[in-house]
Amino acid sequence: MAVQGLAATLPAALPVGGIGPAPVEIDIAALPLTSVTWTVHGKTVSCEGPWLADVLVKAGAPAGEAVRGDALTLVVAARGADGYRVAFTLGELDHGLGDAPVIVADRCDGQPLAAADGPLRLAAARDRRGARSVRQLAGLELRR
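Definitions and limits used
Residues numbered from 1 in each chain as written. Predicted model: local features only at pLDDT ≥ 70, side-chain atom pairs only at ≥ 80, totals over all residues. Heavy atoms only, no water. Pairing = 2+ DSSP bridges. Helix = DSSP H or I, 4+ residues; strand = E, 2+ residues; numbered from the N terminus. Axes fitted to C-alpha atoms, helices over the stretch in contact; angles between N-to-C directions. pLDDT = per-residue confidence, 0-100. Contact = heavy atoms within 4.5 Å. Disulfide = S-S within 2.5 Å. Buried < 20%, exposed > 50% of the residue type's maximum accessible area, 1.4 Å probe, protein only. Salt bridge = Lys/Arg side-chain N within 4 Å of Asp/Glu carboxyl O.

## With respect to the sheet that holds strand β5 (residues 75-80)
Link 1 in the chain: Read across the open sheet, the five strands follow the order β2-β1-β11-β5-β6; overall the sheet is mixed. Every other strand in the sheet has two partners, leaving β2 (24-26) and β6 (85-89) as the edge strands with one partner each. Across the sheet, the mean angle separating the axes of adjacent strands is 25 degrees when strand polarity is ignored.
Link 2 in the chain: Looking at chain direction, β5 and strand β11 (residues 137-143) are connected through six bridges and run antiparallel. Each bridged residue has a counterpart across the sheet, and for Ala-77 the counterpart in β11 is Glu-141.

## Digging into the confidence of the model for the chain
Link 1 in the chain: For the chain, the mean per-residue pLDDT works out to 90, and 92% of the residues sit at or above 70.
Link 2 in the chain: Across the chain, element-level confidence peaks in β6 with a mean pLDDT of 98 and bottoms out in strand β3 (residues 34-40) with 92.
Link 3 in the chain: Per-residue pLDDT stays below 50 along residues 1-10; that stretch engages in 17 contacts with residues further than four places along the chain or on separate chains.

## Quick notes on the state of the cysteines
Each disulfide consists of a covalent bond between the sulfur atoms of two cysteine residues.
Link 1 in the chain: Taken as a whole and assessed by the stated rule, the structure comprises one disulfide.
Link 2 in the chain: Between the sulfur atoms of Cys-47 and its disulfide mate Cys-108 the distance is 2.0 Å. Disulfide Cys-47-Cys-108: the torsion about the S-S bond is 100 degrees, which places it as right-handed. Of the two residues, Cys-47 sits in strand β4 (residues 43-49) while Cys-108 sits in strand β8 (residues 107-108), which places them 61 residues apart along the sequence. Judged on exposure class, the residue Cys-47 and its partner Cys-108 are both buried.

## Let's talk about the pattern of salt bridges
Link 1 in the chain: Tallied over the entire structure, the rule returns five salt bridges.
Link 2 in the chain: Between Glu-65 and Arg-68 there is a salt bridge whose closest N-O contact spans 2.7 Å.
Link 3 in the chain: The shortest N-O distance in the salt bridge between Asp-127 and Arg-132 comes to 2.9 Å.
Link 4 in the chain: A relative accessible area of 21% places Asp-127 in the partly exposed class.

## As for the pairing of strand β7 (residues 102-105)
Link 1 in the chain: Of the two faces of β7, the one lined by Val-102 and Val-104 and the one lined by Ile-103 and Ala-105 are each fully buried.
Link 2 in the chain: Taken together, the four bridges between β7 and strand β10 (residues 121-124) define a ladder with antiparallel strand orientation. Of the residues in β10, the one forming a bridge with Val-102 is Ala-124.

## Observations concerning the environment of Trp-38
Link 1 in the chain: Structurally, the position occupied by Trp-38 is in strand β3.
Link 2 in the chain: For Trp-38, a relative accessible area of 4% translates into the label buried.
Link 3 in the chain: Separated by 104 residues in sequence, Trp-38 and Leu-142 place their C-alpha atoms 25 Å apart.
Link 4 in the chain: Not counting chain neighbours up to four residues away, the residues in contact with Trp-38 comprise Lys-43, Thr-44, Val-45, Cys-47, Arg-121, Leu-122, Ala-123, Ala-124, Ala-125, Gly-130 and Ser-133.

## Description of the environment of Asp-82
Link 1 in the chain: For Asp-82, the location among the structural elements is in the loop between β5 and β6.
Link 2 in the chain: Owing to a relative accessible area of 52%, Asp-82 belongs among the exposed residues under this scheme.
Link 3 in the chain: Through-space distance from the C-alpha of Asp-82 to that of Leu-137 is 9.1 Å; in sequence the pair is 55 residues apart.

Right, here's the structure in full:
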């Protein structure tokens, strides 16, 4: 039974497009979890989920030494359920290059995300404002 105001469950998969001929569905719950502490709207919270970079690698995006040359022109577009979009470069997310602490969070402060924010959201821990921490994350797309 879902608690009112909380996202019911973690979605089985997050669609990631732009890598192959069709979007792939990534099982977020199957990826290793990490946590980041960040401040959004003046409140410091600790959120858990997999690294955004790991989600992209699972979908087939280049990583590590392969993030060079043309791969450095790739941008990750994240889309919220309301149509809000933001972008990150693949280079800034890659653990071996930029290592930006961005996760696909399903919990903050030990609780499932509220329905207004989840069931998934991005948590961009080093951003000074929460503008790229897309709430109600609906999908990702890799673009040139």
